[in-house]
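This is what each chain is made of:
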Amino acid sequence: MSTPPARRIVVVGGSLGGLRVTEALLAGGWDGEVVVLSAEPHVPYTRPPLSKAALADGPDLATLAFKQRPEAARAEWRFGSRAVAADLAARTVTLADGGTLAYDGLVAATGVRPRRLPARIDHSAGAGHVVRTIEDCRALHAELRPGARVVVIGAGFIGCEVAATATGLGCHVTVVAVDESPMLVPLGRAVGDAVRARHERAGVAFRLGVSVASVSGTRGAYSVALSDGTSVKGDVLVQCVGSAPCVEWLEGNGLDLTDGVVTDNRLRLGGGTGAVAVGDVARFPNPLFDDVPRRIEHWQTPLETARRAAATLLADLAGTEADPVPFTPLPSFWSDQYDLRLQSFGVPGLADRTEVLEGDLEGQAVVGYFRGEQLVGALLLGLPRRAAAVRKHLLASLTDPAATYAA
Amino acid sequence: MRINVDLALCQNYGQCVFAAPDVFDLDDAGELVYQASAEETARADVEAAAMACPVQAITIEG
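Residues numbered from 1 in each chain as written. Chains lettered and ligands numbered in written order. Predicted model: local features only at pLDDT ≥ 70, side-chain atom pairs only at ≥ 80, totals over all residues. Heavy atoms only, no water.

### A look at the overall build of chain A
Then, in step 1: A count of helices and strands for chain A gives nine helices and 25 strands.
Then, in step 2: On C-alpha atoms alone, chain A measures out to a radius of gyration of 22 Å, which is about the 22 Å that the 2.2 N^0.38 rule sets for 407 residues.
Then, in step 3: Dimensions of chain A, computed from the C-alpha atoms along their principal axes, are close to 75 × 55 × 40 Å.
Then, in step 4: Looking at chain A as a whole, 55% of its 407 residues are labelled buried.
Then, in step 5: The long-range fraction of contacts in chain A, counting pairs at least 24 apart against all pairs at least 6 apart in sequence, stands at 62%. (Helix = DSSP H or I, 4+ residues; strand = E, 2+ residues; numbered from the N terminus. Rg over C-alpha atoms; globule rule 2.2 N^0.38 Å. Buried < 20%, exposed > 50% of the residue type's maximum accessible area, 1.4 Å probe, protein only. Contact = heavy atoms within 4.5 Å.)

### Points about the overall build of chain B
Then, in step 1: Along its length, chain B carries two helices and four strands.
Then, in step 2: Sequence-ordered secondary structure for chain B, helices as α and strands as β, is β-α-β-β-α-β.
Then, in step 3: For 62 residues, the compact-globule estimate of 2.2 N^0.38 gives 11 Å, and chain B sits close to it at 10 Å.
Then, in step 4: Based on the C-alpha atoms only, the size of chain B along its principal axes is roughly 30 × 20 × 15 Å.

### A look at the environment of Trp299 of chain A
Then, in step 1: Considering the arrangement of structural elements, one finds Trp299 of chain A in the loop between strand 20 (293–294) and helix 8 (300–318).
Then, in step 2: Residues Trp299 of chain A and Gly279 of chain A lie 20 residues apart in sequence; the distance between their C-alpha atoms is 8.9 Å.
Then, in step 3: With sequence-adjacent residues up to four places away left out, Trp299 of chain A is seen in contact with Leu16, Thr46, Pro48, Phe66, Ser332 and Trp334 of chain A together with Gln15, Met51, Ala52, Cys53 and Pro54 of chain B.
Then, in step 4: There is a polar contact of 2.7 Å between the side chain of Trp299 of chain A and the backbone oxygen of Ala52 of chain B. (Polar contact = N/O pair within 3.5 Å; in protein donor to acceptor, adjacent residues only side chain to side chain.)

### Some thoughts on the packing of aromatic side chains
Here the distance between the centres and the angle between the planes together describe a pair of aromatic rings.
Residues and elements named next belong to chain A.
Then, in step 1: All chains considered together, the criterion is met by eight aromatic pairs over all chains.
Then, in step 2: Considering the side-chain rings of Phe66 and Trp299, the 6.3 Å spacing of their centres and the 40° angle between planes classify their relative orientation as tilted. Of this pair, Phe66 sits in the loop between helix 3 (61–64) and strand 3 (76–79) while Trp299 is found in the loop between strand 20 and helix 8, placing the two residues 233 residues apart along the sequence. Across the pair, Trp299 and Phe66 agree in class, each one buried.
Then, in step 3: An angle of 70° between the planes, with centres 4.7 Å apart, marks the rings of Phe157 and Phe333 as edge-to-face. Of the two residues, Phe157 sits in helix 5 (residues 157–168) while Phe333 sits in strand 21 (residues 332–337), which places them 176 residues apart along the sequence. (Phe/Tyr/Trp six-rings, centres within 6.5 Å; stacked < 30°, edge-to-face > 60°.)

### Remarks on the state of the cysteines
Then, in step 1: Taken as a whole and judged by the stated rule, the model has zero disulfides over all chains.
Then, in step 2: Of all cysteine sulfurs, the one in Cys240 of chain A lies closest to Cys160 of chain A, which takes part in no disulfide; the gap is 9.1 Å. (Disulfide = S-S within 2.5 Å.)

### Here we look at the confidence of the model for chain B
Low-confidence regions, as indicated by low pLDDT, have predicted coordinates that should not be scrutinised in detail.
Then, in step 1: Scored by pLDDT, chain B comes out at a mean of 92, with 100% of its residues at no less than 70.
Then, in step 2: Within chain B, the lowest mean pLDDT, 92, falls on helix 1 (residues 15–19) of chain B, and the highest, 96, falls on strand 1 (residues 2–5) of chain B. (pLDDT = per-residue confidence, 0-100.)

### Some points on the side chain of Arg341 of chain A
Then, in step 1: Secondary-structure assignment places Arg341 of chain A in strand 22 (residues 340–346).
Then, in step 2: Judged by relative accessible area, Arg341 of chain A falls into the buried class, the value being 11%.
Then, in step 3: A polar side-chain atom of Arg341 of chain A sits 2.5 Å from the main-chain carbonyl oxygen of Gln11 of chain B.
Then, in step 4: Excluding residues within four positions of it along the chain, Arg341 of chain A makes contact with Ser335, Asp336, Leu380, Leu381 and Gly382 of chain A together with Gln11, Asn12 and Tyr13 of chain B.

### Details of the sheet that holds strand 6 (residues 100–102) of chain A
Residues and elements named next belong to chain A.
Then, in step 1: One open sheet holds the three strands; their spatial order is 4-5-6, and the pairing between them is antiparallel. The sheet terminates laterally at strand 4 (83–87) and strand 6, the two strands that pair on one side only. Taking the axes of each pair of neighbouring strands and ignoring which way they run, one obtains an average angle of 20° across the sheet. (Pairing = 2+ DSSP bridges. Axes fitted to C-alpha atoms, helices over the stretch in contact; angles between N-to-C directions.)

### Some remarks on the interface of chain A and chain B
Then, in step 1: If you look at the interface, chain A gives 23 residues, while chain B gives 21 residues.
Then, in step 2: Between chain A and chain B the total buried area reaches about 1,700 Å² when both faces are included, carbon and sulfur atoms providing 53% of it.
Then, in step 3: On the surface where chain A and chain B come into contact, there are one salt bridge.
Then, in step 4: When the shortest N-O distance is used, the salt bridge between Glu47 of chain B and Arg69 of chain A registers 3.8 Å.
Then, in step 5: Elements supplying a minimum of two residues to the side of chain A that touches chain B: helix 1 (16–27), helix 8, strand 21, strand 22 and helix 9 (387–399) of chain A. (Buried area = accessible area lost by both parts, 1.4 Å probe. Salt bridge = Lys/Arg side-chain N within 4 Å of Asp/Glu carboxyl O.)

### Brief notes about the nonpolar core
All names here are of chain A.
Then, in step 1: Grouped together as the largest cluster of nonpolar side chains are 54 residues, with contacts concentrated most on Val11, Leu25, Leu37, Val93, Leu106 and Val107.
Then, in step 2: For this core, the element with the highest residue contribution is helix 8, accounting for seven residues.
Then, in step 3: Apart from residues lying up to four places away in sequence, Val93 is in contact with Val10, Leu37, Ala83, Ala85, Ala86, Gly99, Thr100, Leu101, Tyr103 and Leu106. (Core = buried A, V, L, I, M, F, W, Y, C linked by side-chain atoms within 4.5 Å.)

### Things to note about the domain arrangement of chain A
All names here are of chain A.
Then, in step 1: Split into domains, chain A comes out as domain 1 (8–113 + 244–318), domain 2 (134–241) and domain 3 (339–399).
Then, in step 2: The centre of domain 2, based on its C-alpha atoms, is set 26 Å off from the matching centre of domain 3.
Then, in step 3: In this complex, domain 2 contributes nine residues to the contact, which on the side of domain 3 involves eleven residues.
Then, in step 4: When domain 2 packs against domain 3, close to 810 Å² is buried across both sides, 66% of that on carbon and sulfur atoms.
Then, in step 5: The largest contributions to the domain 2 side of the interface with domain 3 come from Leu187, Val191 and Arg198, which together make up 57% of the buried area.
Then, in step 6: Here domain 2 is connected to domain 3 by zero salt bridges.
Then, in step 7: Linking domain 2 to domain 3 there are five residue pairs in polar contact (both at pLDDT 80 or more).
Then, in step 8: Listing elements by their share of the side of domain 2 that touches domain 3, those giving two or more residues are helix 6 (184–187) and helix 7 (189–202).
Then, in step 9: Sorting elements by how many residues they give to the side of domain 2 that touches domain 3 places helix 7 first, with five residues.
Then, in step 10: Here the side of domain 2 that touches domain 3 is composed, by residue class, of eight nonpolar, no polar and one charged. (Domains from an automatic or database assignment. Nonpolar A, V, L, I, M, F, W, Y, C, P; charged D, E, K, R; others polar.)

### Focus: the pattern of salt bridges
Then, in step 1: Evaluation of the coordinates by the stated rule reveals 28 salt bridges over all chains.
Then, in step 2: Between Glu71 of chain A and Arg69 of chain A there is a salt bridge whose closest N-O contact spans 3.2 Å.
Then, in step 3: Put simply, Glu76 of chain A and Arg78 of chain A hold a salt bridge, and the shortest N to O gap is 2.8 Å.
Then, in step 4: Accessibility expressed as a relative area gives 26% for Arg78 of chain A, which makes it partly exposed.
Then, in step 5: Put simply, Arg69 and Glu71 of chain A together with Glu40, Arg43 and Glu47 of chain B are held in one network by salt bridges that share partners.

See below:
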C-alpha cells in the first residue's frame, strides 16, 4: 500500500493575514501541508509605519518584519509567487509561472493594492509614488528632502499621514482631493475640518473639492492641472487615492467580486466548504452592525479573520461542525498625524450624524457616530487614555442600545 | 509566563489592552502599564496581545 499524498492548504497572499492564518491552521492541528504564495519577495512586515515613522526615518525590513510563531516555519513559503487563477470546484490554483497546485483547503489572503489615478487622466509623464510596500516607502522617503514641494493626491488616511510626515521632514506639502474635507467618507465633515485645521497650522495647503485633470512634467517638476482650471506644481508626487482588492485570480467561479470577495459570517467563500477569506479582501457580514457584508481595511482584521477563518476551514475539512458563535469583531484603527493621534472603533462611516461626547474638536475629543439612535462608531482625537473605556462603551451599546456614555 | 514590553518601541496604541485587559492597561497619562508576569490561564490573551501590537514591542518568555 502506498501512502496517500499529504493533504494541502494553499494560502494565497503572504502578508499579515496570510501569516496569521498559517500560524492558526498549524497551531490548530492541521497536519497536512500549508503552502503560502506571497507576491512580495520577502517575509511579511507591518505596514502602518510605512506612512508614519518608517517614512520619516527610512524603512528597515528587519525592524518591520513580523515576529512569527514557530508554527509558521512548518509552512512552505513561496516568495515572489503569485496565483493568477483558482478553480474552486476542481480545487486547484494556477500560478503565474503556469504551474498548478491542487488543494484541499484554500485561503484567500491577497489583500489590496493601491489605486492609481484613472487612465482617462493623462499622467503618462509620471505616475509619482504610491505607499503600500516597503519598496514604495523607501523610494518616497528618498525624495522627501527639506524644502521639496510635495503634491499629495488624496486626503484619506494615507494621504493625510504622508502629508504630516513630509511636513515633519521640512517639505512643502499641498494636498489635492475631490472631497470637501480630509477623511470625509470614513469620519465625516466635522472631524475632517478639525484635522484639516491642524494640518494647515503645520503649513499644509489644501486644494479640496477639485479633481485632477492631468499631470504633466516629471520628477522634480510636476504640474498637476485641476478641474477648476488652476494647477499645482511640485517636485514630488504621491498618489493616495485608495485601494482596490486583489480578486482577479478568483474570477470565473461565480463569486461576487464587486468589492473584495463576499463570504458568509464564518468567512467561507463560494457557498461551500474548502475555501475561506481573511484580511482586507474579505467582505463579511458582522451582526454587531447588520447583515451587510463589508470589507474592513483595519489593523486587527487580518488577525481576527485569520483566527476565525482557520477554525472554520479546519472544521469544514474535518467534516465537523464549525463554531456556532457568530463572528463579531469590533473594527478599530488609528492614525498619527503630527502629535495628534486618532483612534477609531466600530464603523463611523455608517453614521448619519455625529455628536461630540467629550471635549471639543479644537483640542481633545471623543466623537460618537450614530446611525439613527444607534451608536455605530467612536473616534478619539488626542485622547488615547480614554480608548479602552470608549471601546468598551461602544461594544456595550452595540449589544444593548440603552447603554449610556459616561465621560 | 514572563512578559516584557520594549518601552522604547511602545507607542501606546493600546491594542494589547483590548486583547488582554487583565495584563495591560493605559494609565491616566495614556502610557502603557503592564504586569511583568501572568498566570498560564492568560496565555491565549497575552499571545493575542503580542500579535496585535503594531510595533511588536511585546515578548513572552516561558
